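Here is what each chain is made of, one letter per residue.
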Amino acid sequence: MTASPNPPVPDAPKTRILLADDHALVRRGVRLILDGEPDLEVVAEAGDGAEAVALLKGTGGQRVEADLAILDVAMPRMTGLQAARELSRRRPGLRILILTMHDNEQYLFEALKAGAAGYVLKSLADRDLIAACRAAMRGEPFLYPGAVSTLIRTYLEQARSGQAPDTVLSPREEEILKLVAEGHSSKEIADTLVISVKTVERHRANILAKLGMKDRLELVRYAIRTGLIEP
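The rules behind each value
- Residues numbered from 1 in each chain as written.
- Predicted model: local features only at pLDDT ≥ 70, side-chain atom pairs only at ≥ 80, totals over all residues.
- Heavy atoms only, no water.
- Pairing = 2+ DSSP bridges.
- Helix = DSSP H or I, 4+ residues; strand = E, 2+ residues; numbered from the N terminus.
- Right-handed = clockwise from strand over helix to strand, strands pointing away.
- Expected span 1.5 Å × (residues − 1).
- Buried < 20%, exposed > 50% of the residue type's maximum accessible area, 1.4 Å probe, protein only.
- Arc of directions from axis to C-beta.
- Contact = heavy atoms within 4.5 Å.
- Axes fitted to C-alpha atoms, helices over the stretch in contact; angles between N-to-C directions.
- Parallel < 35°, antiparallel > 145°, perpendicular 65-115°, else oblique.
- Left-handed = near helix turned anticlockwise from the far one by under 90°.
- Nonpolar A, V, L, I, M, F, W, Y, C, P; charged D, E, K, R; others polar.

Trainee: Quick question: what am I supposed to make of the pairing of strand S2 (residues 40-46) here?
Mentor: Working note: regular strand, side chains alternate between the two faces of the sheet. Here strand S1 (residues 15-20) runs beside S2; their pairing, made up of six bridges, is parallel. Looking at S2, one finds that Leu19 is bridged to Glu45. On the question of chirality, the crossover connecting S1 to the parallel S2 by way of helix H1 (residues 24-35) is right-handed.

Rendered as structure tokens:
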């Protein structure tokens, strides 16, 4: 499943890329890798998932046209996985790659479920990222070798048990859980998601009930364990 770094197609239009990472130095390094290729061009950068979604939707007054979004996993306000789900729903023609420092089985599966075409480790970006971009634009998946092994192992385990894991929380509940774990008040969450405080409180109660938890501290621990926020 891992694509080789095939050369670009001659005279093909450049792939327009939106790059989202909350670390400016990382964005700069990744941009150098991408802009050094004749068929790739970073047309916009975002500091978190919410900004990436806003740029592609044009809700902030500026609309970016992109063919490919490269999203970090752990970002403030909205993670790369949450942004991938949102963008997959709103922009089905957009290709998405997850670029992360985490060689993490749960992140990998969530990325694929969110509609990502590939999962690239930052530690291997100089080797894999160009190939991943080109594979995504050809409509092919890109996974590093270790990820392929993880998929095969998990599939075999599920096949033996006859079970498949599912997400406990809805996408909206996950958004609210992340913001709660980051310390935002109900009013701040309501303003961010453009919903009422009453709706936030109802979702929060449902989250606690579903997870069998009683307070914010337990929610924070759960959010860290499931990768919604970094410790």
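Trainee: Please explain H1 as it appears in this structure.
Mentor: Given 3.6 residues per turn, any residue in an α-helix points the same way as the ones three and four places further on. For H1, with twelve residues, the first-to-last C-alpha span of 16 Å sits near the 16 Å given by 1.5 Å per residue. Those residues of H1 lying buried are Arg27, Val30 and Leu34. All buried residues of H1 project into a common sector of 70° when viewed along the axis, lining one side. Opposite the buried face of H1, by more than 90 degrees, sit the exposed residues Leu25, Arg28 and Leu32. Buried-residue contacts for H1 involve S1, S2, strand S3 (68-72), strand S4 (95-100) and helix H5 (125-137).

Trainee: When you look at the packing of helix H7 (residues 171-181) against helix H10 (residues 216-225) in this model, what are you seeing that I'm missing?
Mentor: The description of two helices packed together rests on the angle between their axes and the distance between the axes. Their axes nearest at 9 Å, the elements H7 and H10 cross at an angle of 110°. Classified by the interaxial angle, the pair formed by H7 and H10 is roughly perpendicular. In this structure, H7 crosses over H10, and the sense of that crossing is left-handed. Taken together, the residues of H10 that come into contact with H7 (itself represented by Leu177, Val180 and Ala181) are Arg216, Leu219, Val220, Tyr222 and Ala223. Within the contact of H7 with H10, the residues separate by chemical class into seven nonpolar, no polar and one charged.

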